[in-house]
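Residue-level structural notes
Here is how the chains run, residue by residue.
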Amino acid sequence: MRNTFRNIMAFLMAGVMLLLLTAALPVYGIRAQAAENLDKKACWISFLDMETYLKDKKEAEFRTKVSQMYDKVKEYGMNTVLVHARAMGDAMYPSAYFPWSIYISEDRSNPGYDPLQIMVELAHSKGLQFEAWVNPYRLSRDNKTTVSFKATPQYAQFRDFSIEYRAASGETCLALDPARQEARDLIVNGVREIVENYNVDGIHFDDYFYVSGMADTLDTASRKAHVNALMLQVYQTIKEVKPNCVFGVSPAGNPDNVRGQGADIDTWLSTSGYIDYIMPQIYWSDIYMTGSGVKHMFTDRCKEWMLLNQQNIPIYVGIALYKVGTPSKTDLGWATSNMNVAYQAIQAKQLGCQGYALFRYAWLENPVAAEELANLKMFAF
């Protein structure tokens, strides 16, 4: 009986919160003031999107689909694409350091054109900013990609400064060892290669630092020191090659968790020379149930990150478009409202964030997200 009563109360509270969220949008000025002045309105285009839409394409087909994808991004008022250039120990372009990605060609063969060059050029032709998204340490993500990477010549080259570990999923994975200077040099050379050879507007790291299983006995202070050494070196390299190219990072949304993974967000947000912006992944709604009642998780996390920002660098918020319509026993907002994304984009601005990014492209074409995206377009264009 107690659990039944608690569930009933949870859904009643969710309904009340839904009404409050919906009513709040006009207060923000709807279209007139909503998100028109946001600096960055971005969409992540991940290796999974490339696998779905762009893998093993002839050049003409590749160009056509990329152009269509960018038109879809622009349809919802976005001005930036964050595109995977290196998702693992691979490259979406001809690299001197990494093999071709299996998400461009299944057998890692040269497709006969430069996908990254085409994606950068088409983005700029359509008025979109282009940031090259790099996962710095990850070499593989599961058993299949581990076997695939081990078959490349690069595996032997990287083996002495990489870690083989068992992920939380039970799969065997590979990563570069953040503690090794050889690993840092490799990552920096890969970043330099992109910035020197492509007219990118930014380099974008995400949240894969010391993930579970990589070096579980290593203390947090050492993890932070190793990651900070990389961040400094990457930042300096980018500015030496192209001073107006920005360097941003997108850690997971829980500050305590990312600190434990070696992301020294307190230093990055208080000391110059590490990053140009931060984009925490605030992947919760504002109708989040806890033992003590409804928590405005999205808003509370945004406020937490804003308080950390001691040098007033831009903070953009990552929004979980992929959660739209997903039932949850705790995070009720995604299944009880079609206003989450629009509300979060506007709320982020009200709290002082200067932009947002949607994860990820596939949901722009997924019917389950249609109503959320329509509301984003209506209220936060």
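Now for a description of the structure that goes with this document. Every chain is numbered on its own, with residues counted from 1 as its sequence reads. Thresholds applied to this predicted model are a pLDDT of at least 70 for local features of residues and 80 or more for the giving and counting of side-chain atom pairs; totals over whole chains, interfaces and linings are not thresholded and use all residues. The basis for every side-chain value is the complete set of non-hydrogen atoms in the structure, without hydrogens or water.

To continue, consider the overall build of the protein. Here a helix means four or more residues in a row that DSSP labels H or I, a strand means two or more in a row labelled E, and each is numbered from the N terminus. Along its length, the protein carries 15 helices and twelve strands. C-alpha atoms define the radius of gyration in this analysis, and the globule rule sets the expected value at 2.2 Å times the number of residues to the power 0.38. Radius of gyration (C-alpha) of the protein: 21 Å, near the 21 Å computed for a compact globule of 381 residues. Its C-alpha atoms give the protein principal-axis dimensions of about 60 × 50 × 40 Å. Here the protein holds 381 residues, and 57% of them are scored as buried. For the protein, the proportion of contacts with a sequence separation of at least 24, taken over those separated by at least 6, is 76%. Method for areas: the Shrake-Rupley scheme with a 1.4 Å probe, in which residue coverage is limited to the protein chains shown. Accessible surface, the protein: about 15400 Å² in total, of which carbon and sulfur atoms supply 51%. Only four residue types enter the charge count: Lys and Arg as positive, Asp and Glu as negative, with His and the chain ends excluded. Charged groups are reduced to one reference atom each: NZ for lysine, CZ for arginine, CG for aspartic acid, CD for glutamic acid. With 37 positive and 41 negative side-chain charges, the protein shows a separation of 4 Å between the mean positions of the two kinds. With a 1.4 Å probe rolled over the protein chains alone, any residue whose accessible area is under 20% of its type maximum counts as buried; one over 50% counts as exposed, and the rest are partly exposed. The contact definition used throughout considers only heavy atoms, calling two residues in contact when any of these lie within 4.5 Å.

Note on placement: Arg-360 falls in the loop between strand S12 (355-358) and helix H15 (370-380). Residues contacting Arg-360, with those up to four places away along its chain left out, are Cys-43, Trp-44, Ser-46, Leu-48, Asp-49 and Leu-321.

A separate point is the pattern of salt bridges. Pairs can form between side chains of opposite charge whenever their charged atoms are close. The rule for a salt bridge is simple: a side-chain nitrogen of Lys or Arg has to be within 4 Å of a carboxyl oxygen of Asp or Glu. According to the stated counting rule, one finds 16 salt bridges in the structure shown. Residue Lys-72 is joined to Glu-75 by a salt bridge in which the shortest nitrogen-to-oxygen separation is 3.7 Å. In this pair, Lys-72 and Glu-75 are both assigned in helix H4 (residues 59-75), three residues apart and thus about one turn of the helix distant. For Lys-72, a relative accessible area of 24% corresponds to the partly exposed category. Judged by relative accessible area, which is 32%, Glu-75 ranks as partly exposed.

In this section: H15. Among all positions in H15, only Glu-372, Leu-373, Asn-375, Leu-376, Phe-379 and Ala-380 are buried. Summarising the axial view, the buried residues of H15 lie within an arc of 160 degrees, below the 170-degree limit, and thus occupy one face. Arc, as used here, means the arc of the directions from the helix axis to the C-beta atoms.

Our next topic: the state of the cysteines. Count a disulfide wherever a pair of cysteine sulfur atoms falls within 2.5 Å. For the structure shown, the criterion picks out zero disulfides. The thiol of Cys-245 is unpaired, and the distance to the nearest cysteine sulfur, on Cys-43, comes to 20 Å.

A few words on the layout of surface pockets. Note on definitions: the grid is 1 Å and covers protein atoms alone; a cavity is a set of points where a 1.4 Å probe fits but cannot get out; a pocket is an open set with protein on both sides within 12 Å along at least five of seven lines; lining residues have an atom within 4 Å of a point. Grid points are joined across faces, edges and corners, and a volume is the space filled by probe spheres set on the points. Taken as a whole, the largest pocket spans an internal volume of roughly 600 Å³. In this structure, the largest pocket is lined by 26 residues; those nearest its centre are Arg-138, Asp-206, Asp-207, Tyr-208 and Gln-281. Of all elements in the fold, only helix H3 (47-53) and helix H10 (255-260) reach the threshold of two or more residues within the lining of the largest pocket. For the lining of the largest pocket, a count of residues per class yields 14 nonpolar, eight polar and four charged. Asp, Glu, Lys and Arg are counted as charged, while Ala, Val, Leu, Ile, Met, Phe, Trp, Tyr, Cys and Pro are counted as nonpolar; the rest, among them Gly, fall into the polar class.

Attention now moves to the pairing of strand S2 (residues 80-86). Along S2, seven of the seven residues are buried, which leaves the element largely enclosed by surrounding structure. Here the rule is simple: two strands pair whenever DSSP picks up at least two bridges between them. Direction of pairing for strand S1 (residues 40-45) relative to S2: parallel, over a ladder of four bridges. Bridging across to S2, Cys-43 finds its partner in Val-81. Of the strand pairs in this sheet, S2 and strand S3 (residues 129-134) are connected by six bridges, and their pairing is parallel. Counterpart to Val-83 in the pairing with S3 is Ala-132. A crossover connection joins S2 to the parallel S3 through helix H5 (residues 115-125); in handedness this β-α-β unit is right-handed. The crossover handedness rule: strands pointing away from the viewer, path from first strand over the helix to second strand clockwise, crossover right-handed.

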